[in-house]
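Letter by letter, the chains look like this.
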Amino acid sequence: MQITEVRVRLVRNKDDRLKAFCSMTLDNEFVVRDIKVIDGASGYFLAMPSRKMSGRCSKCGGKNHLGAKFCNSCGNRLPQNRARKDPRGRVKLHADVAHPISVEYRKRIQEALIGAYEEELERSKQPGYKPLEDELDDDALV
Ligand SMILES: [Zn+2]
């Protein structure tokens, strides 16, 4: 699938590792929003759109985010370490909603989006720069 359009909204928070939100259009037909550009220890990387994973309370059956310590519905103390771990042993609290399957395609997305981010960053230094409005992600900054 060709990446036919990329839109970048810069995040202006100097201390944060989150640098931008991107949307990409595939084959002029399908849009994926809410891809984050993160400034990592070894360069920029992308975080695909994700959702918080949840589990059920053993007492009332209520659904709770895996990071929660107490049940939202009944207040029951929830067991810790409910989350699964990824192959590197890190606790998984989020699951990707959409993501590339092959390493090659992941690379292509990385190059396209991080390239677009760097271009946008350069543009933002020009006088009269107009950032992309929030319509890209209604809830991006919540
Ligand atoms: Zn409960």
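See above for the structure.
Keep in mind it's a predicted model, so treat the numbers as computed, not measured.

**Comments concerning the layout of surface pockets**
And then number 1: In this model, the largest pocket occupies a volume close to 810 Å³.
And then number 2: Looking at the largest pocket, it is lined by 18 residues, and the ones nearest its centre are Phe45, Ala47, Asp86, Arg90 and Asp96.
And then number 3: Put simply, the parts of the chain that give the lining of the largest pocket at least two residues each are β3 (30–40), β4 (43–47) and β8 (94–96).
And then number 4: Partitioning the lining of the largest pocket into residue classes produces nine nonpolar, two polar and seven charged.
And then number 5: In this model, the second largest pocket occupies a volume close to 180 Å³.
And then number 6: Forming the boundary of the second largest pocket are Leu10, Val11, Arg12, Asn13, Lys14, Lys19, Tyr117, Leu121 and Ser124.
And then number 7: Of the residues assigned to the lining of the second largest pocket, the class counts are four nonpolar, two polar and three charged.

**Concerning the pairing of β4**
And then number 1: Here β3 runs beside β4; their pairing, made up of five bridges, is antiparallel. Bridging from a neighbouring strand, valine 37 pairs with leucine 46 of β4.
And then number 2: With antiparallel pairing between neighbouring strands as the criterion, β3 and β4 make up a hairpin whose turn holds two residues.

Calculation notes
Residues numbered from 1 in each chain as written. Predicted model: local features only at pLDDT ≥ 70, side-chain atom pairs only at ≥ 80, totals over all residues. Heavy atoms only, no water. 1 Å grid on protein atoms, 1.4 Å probe; cavity = no way out; pocket = protein on both sides within 12 Å on 5 of 7 lines; lining within 4 Å. Points joined across faces, edges and corners; volume = space filled by probe spheres on them. Helix = DSSP H or I, 4+ residues; strand = E, 2+ residues; numbered from the N terminus. Nonpolar A, V, L, I, M, F, W, Y, C, P; charged D, E, K, R; others polar. Pairing = 2+ DSSP bridges.

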